[in-house]
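Tertiary structure, described
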Amino acid sequence: MLRNVLGKTFRFLGYTVQYGCMAHCAFEYLGGIVVCSGPSMEPTIQNSDIVCSENLSRHFYCIRKGDIVIVKSPNDPKSNICKRVIGLEGDKVCTSNPSDFLKSHSYVPKGHVWLEGDNLRNSTDSRCYGPVPYGLIRGRICFKIWPLNDFGFLRASPNGHRFLDD
């Protein structure tokens, strides 16, 4: 009787560990569901919107300008941030705020990306902390799940004029 109970217990623990490992791999390498908070991506993503992210793009270096990505915060590694990719390595980007009279430009260094929120007046982004290492990218947002009336792929950046083609 004791052997039967121990056998079932160890079998249950073995299955639990296996399914836990499979879930970890799915969330780490395939993607997941993310609840976004904060005003920096308005109007594209509102506070408390639920989005679907995929992680394969970062592993295959398929991140492009205009993509919205989930990134480990350069200021607080315990939190993730959601921003739009404005520049890739070697791109010339505008590093000044929209309200600045004199515009300044810089080049994105190798292995980095330039990130900005869609709500430029209320976003802490690369204009504050500089280029972000590519390794901090956790995934790319595919589409919005909630609210249902806004379900679908995300719209283009309202700040498309900030993409420089030099």
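Just so we're clear, the structure is a prediction, and the values are computed from it rather than from any experiment. (Residues numbered from 1 in each chain as written. Predicted model: local features only at pLDDT ≥ 70, side-chain atom pairs only at ≥ 80, totals over all residues. Heavy atoms only, no water.)

Here's the deal with the nonpolar core
Filter applied, for reference: Nonpolar cores were defined as sets of buried Ala, Val, Leu, Ile, Met, Phe, Trp, Tyr and Cys residues, with membership established by side-chain atoms within 4.5 Å. Three labels apply to residues, based on accessible area from a 1.4 Å probe with only protein chains included: buried if under 20% of the type maximum, exposed if over 50%, partly exposed otherwise in between. By definition, any uninterrupted DSSP run of H or I lasting at least four residues is a helix, any uninterrupted run of E lasting at least two residues is a strand, and each is numbered from the N terminus. Whether two residues touch is decided by their heavy atoms; if any such pair falls within 4.5 Å, the residues are in contact.
Listed in full, the 11 residues of the largest apolar core are Ile-63, Val-69, Val-71, Ile-81, Val-85, Val-113, Leu-115, Tyr-129, Val-132, Tyr-134 and Ile-137. Breaking this core down by element, the ones donating at least two residues are strand S3 (68-72), strand S4 (80-87) and strand S7 (112-116). Among all residues touching Tyr-134, those that are not within four sequence positions of it are Ser-57, Arg-58, Tyr-61, Cys-62, Ile-63, Gly-111, His-112 and Val-113. Among the nonpolar cores identified, the runner-up in size contains eight residues, and Ile-45, Val-51, Ile-70 and Ile-141 belong to it.

Some details on the side chain of Asn-55
With respect to the element layout, Asn-55 can be found in the loop between strand S2 (50-54) and helix H2 (56-59). Contacts of Asn-55, omitting those with residues within four sequence positions, involve Phe-27, Glu-28, Tyr-29, Leu-30, Gly-31, Arg-138 and Gly-139.

Structural notes on the pattern of salt bridges
Rules: Salt bridges are defined by distance alone: a side-chain nitrogen of Lys or Arg within 4 Å of a carboxyl oxygen of Asp or Glu.
Summed over the entire model, instances satisfying the criterion amount to five salt bridges. Notably, a salt bridge pairs Asp-118 with Arg-84, separated by 2.8 Å at the nearest N-O pair. In this pair, Asp-118 sits in the loop between S7 and helix H3 (126-129) while Arg-84 sits in strand S4, placing the two residues 34 residues apart along the sequence. Of the charged contacts, one joins Asp-125 and Arg-127 as a salt bridge, the two residues approaching to 2.9 Å between their closest N and O atoms. The exposure classification of Asp-125 matches that of Arg-127, with both residues buried.

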